[in-house]
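Structural features, examined
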Amino acid sequence: MFEDFAYARPESVAQAAQLLQDETAHALAGGSDLLGCLRERIFPVKTIVSLSSLKELRGIARTAEGGLSLGALTTLAEVAGSTEVQTLYPGLAQAAAEVASPQLRNQGTLGGNLCQKTRCWYYRGDFDCLRKGGASCLAVHGENHLHCIFGGDACYMVHPSDTAPMLQALQATVWVAGPAGDRSLPLEQLFMPPAQDPTRETTLQPGELVTHIHLPPPMAGQQTSYRKVRARRSWDFALAGVALAVIIEDEIVTSCRMVLSGAAPFPWQATQAEALLTGAALTRERVRAAASAAMQGAEPLTHNAYKIELFKGIIQEELARLVRE
Ligand SMILES: Cc1cc2nc3c(=O)[nH]c(=O)nc-3n(C[C@H](O)[C@H](O)[C@H](O)COP(=O)(O)OP(=O)(O)OC[C@H]3O[C@@H](n4cnc5c(N)ncnc54)[C@H](O)[C@@H]3O)c2cc1C
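Remember, it's a predicted structure, so these values are computed and weren't measured experimentally. (Residues numbered from 1 in each chain as written. Predicted model: local features only at pLDDT ≥ 70, side-chain atom pairs only at ≥ 80, totals over all residues. Heavy atoms only, no water.)

With respect to the overall build of the chain
Helix and strand counts for the chain come out as 12 helices and 12 strands. Relative to the 2.2 N^0.38 estimate, which gives 20 Å for 325 residues, the radius of gyration of the chain is 19 Å and therefore close to what a compact globule would have. For the C-alpha atoms alone, the extent of the chain along its principal axes is close to 60 × 50 × 35 Å. The burial tally for the chain puts 54% of its 325 residues in the buried class. For the chain, long-range pairs separated by at least 24 residues make up 63% of all intrachain contacts whose partners lie at least 6 apart in sequence. Total accessible area on the chain stands at roughly 14600 Å², and carbon and sulfur atoms take up 51% of it. Computing the positive centroid from 28 side-chain charges and the negative centroid from 33, the chain places the two 5 Å apart. (Helix = DSSP H or I, 4+ residues; strand = E, 2+ residues; numbered from the N terminus. Rg over C-alpha atoms; globule rule 2.2 N^0.38 Å. Buried < 20%, exposed > 50% of the residue type's maximum accessible area, 1.4 Å probe, protein only. Contact = heavy atoms within 4.5 Å. Areas by Shrake-Rupley, 256 points an atom, 1.4 Å probe, with all protein chains shown as cover. Lys, Arg positive; Asp, Glu negative; His and termini not counted. Charge placed at Lys NZ, Arg CZ, Asp CG, Glu CD.)

Considering the sheet that holds strand β11 (residues 252-261)
Across the sheet, which stays open at both edges, the 4 strands sit in the order β9-β10-β11-β12 with antiparallel pairing between neighbours. A strand with exactly one partner marks an edge of an open sheet, and here the two such strands are β9 (222-229) and β12 (268-269). Helix α12 (residues 306-320) rests against β9, β10 (240-249) and β11 of the sheet, and its axis sits at about 30° to β10. (Pairing = 2+ DSSP bridges. Axes fitted to C-alpha atoms, helices over the stretch in contact; angles between N-to-C directions.)

Considerations on the sheet that holds strand β6 (residues 173-178)
The 5 strands are arranged β4-β5-β8-β6-β7 in an open sheet whose pairing can be described as antiparallel. Of all strands in the sheet, those with a lone pairing partner are β4 (60-62) and β7 (181-186), marking the two edges. Between one strand axis and the next, the sheet turns through 25° on average, direction left out of account. Of the pairings in the sheet, the one linking β6 to strand β8 (residues 209-215) comprises 5 bridges and is antiparallel in character. Bridged to Thr 173 within β8 is His 214.

Remarks on the side chain of Asn 113
Note on placement: Asn 113 falls in helix α7 (residues 110-115). A polar atom in the side chain of Asn 113 sits 2.6 Å from the side chain of Thr 163. For Asn 113, the contacting residues outside a window of four places in its chain are Leu 76, Val 99, Ser 161, Asp 162, Thr 163 and Ala 164. (Polar contact = N/O pair within 3.5 Å; in protein donor to acceptor, adjacent residues only side chain to side chain.)

Things to note about a nonpolar patch on the surface
Together, Phe 2, Phe 5, Tyr 7 and Leu 35 make up an exposed nonpolar region whose accessible area comes to about 360 Å². Summarising the element assignment, Phe 5 is placed in the segment before β1 (6-8). Note on Phe 5: relative accessible area 34%, which makes it partly exposed. (Patch = residues over 30% accessible without salt bridge, like charges linked within 9 Å, V, L, I, M, F, W, Y side chains within 5 Å. Salt bridge = Lys/Arg side-chain N within 4 Å of Asp/Glu carboxyl O.)

Topic: the environment of Gly 142
Along the chain, Gly 142 turns up in the loop between α8 (121-124) and α9 (163-169). Among the residues examined, Gly 142 registers a relative accessible area of 17% and is labelled buried. Taking C-alpha positions, Gly 142 is 38 Å from Glu 285, a pair spaced 143 residues apart along the chain. For Gly 142, the contacting residues outside a window of four places in its chain are Tyr 122, Thr 302 and His 303.

Here it is in structure tokens:
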């Protein structure tokens, strides 16, 4: 059952920002994540701030530079179905289409997808885990087969979003509005590393909300893709996923961004693999070497070492699709 809460539907972004300054006030977009948290009483919610009247946060538009601006309230179904997204950034359309089920993609928004809470069962369950103010991360000595293999300092969750790794590969910028005005930041800076603060998922300050995500114009010859592996064929979160944005000119990789989902508490940029691929021909040997490089430094927990081979496999498969022999 829900606890009692107040409901506000501000008519402007400024009003929303004012209401969200109270840390027990939470933005409501599609509600597909927040309402579950409320029902399970995972954190205290005194006020729900519905963003539904903020029409300026909806839709997809071309930017002056030739990229796209995606409103935070654009639904995942709209992102996946947009002809412009499919044409300019097919990997993003793929990533949005991989989220959950058709019903959830019709309801869930892009902003909510980036700001959702972790699905870690210790966090979601009736446990006093570190993220909820407890003494330690219970996954370390517990059921950890879905947890992270990189970046797990203090809390070992994985970031649940499918669109975030693809947006990071595309070098997206997040626009945020708040009591101090608007600001923008590279998408990777939106996510709070647990080593810095394990109780918060984002770096948003009190009163701030995501308004838009900007994508730079695609570079000539850029190929993008998102591959997700889940435990079952119906809706599920990523066990492992790889977002790629690659440019190949005269058979040489001139640019490569590789970002993993299901790997870390935030989208994990596989910088060693990127460095190994960039400036070289994409041969089958190099594809294998890049998959190994992407897993260098992995620190699996007791039950999730399988992810290393899983990642190597999907990275190889995705890169192999780009090899011309
Ligand atoms: C059964 C099920 C399966 C799912 N499967 C997947 C999956 O496979 N992949 C995946 O990525 N996700 C999945 N999700 C998670 C979720 O439904 C989606 O990520 C969805 O996009 C969340 O968007 P929303 O608009 O419904 O968010 P909401 O529930 O409205 O909000 C989520 C969080 O973000 C905050 N928030 C929302 N909008 C903003 C904003 N503009 N600025 C700042 N904060 C904001 C809210 O306060 C809340 O904390 C699943 C959820 C369920 C219930």
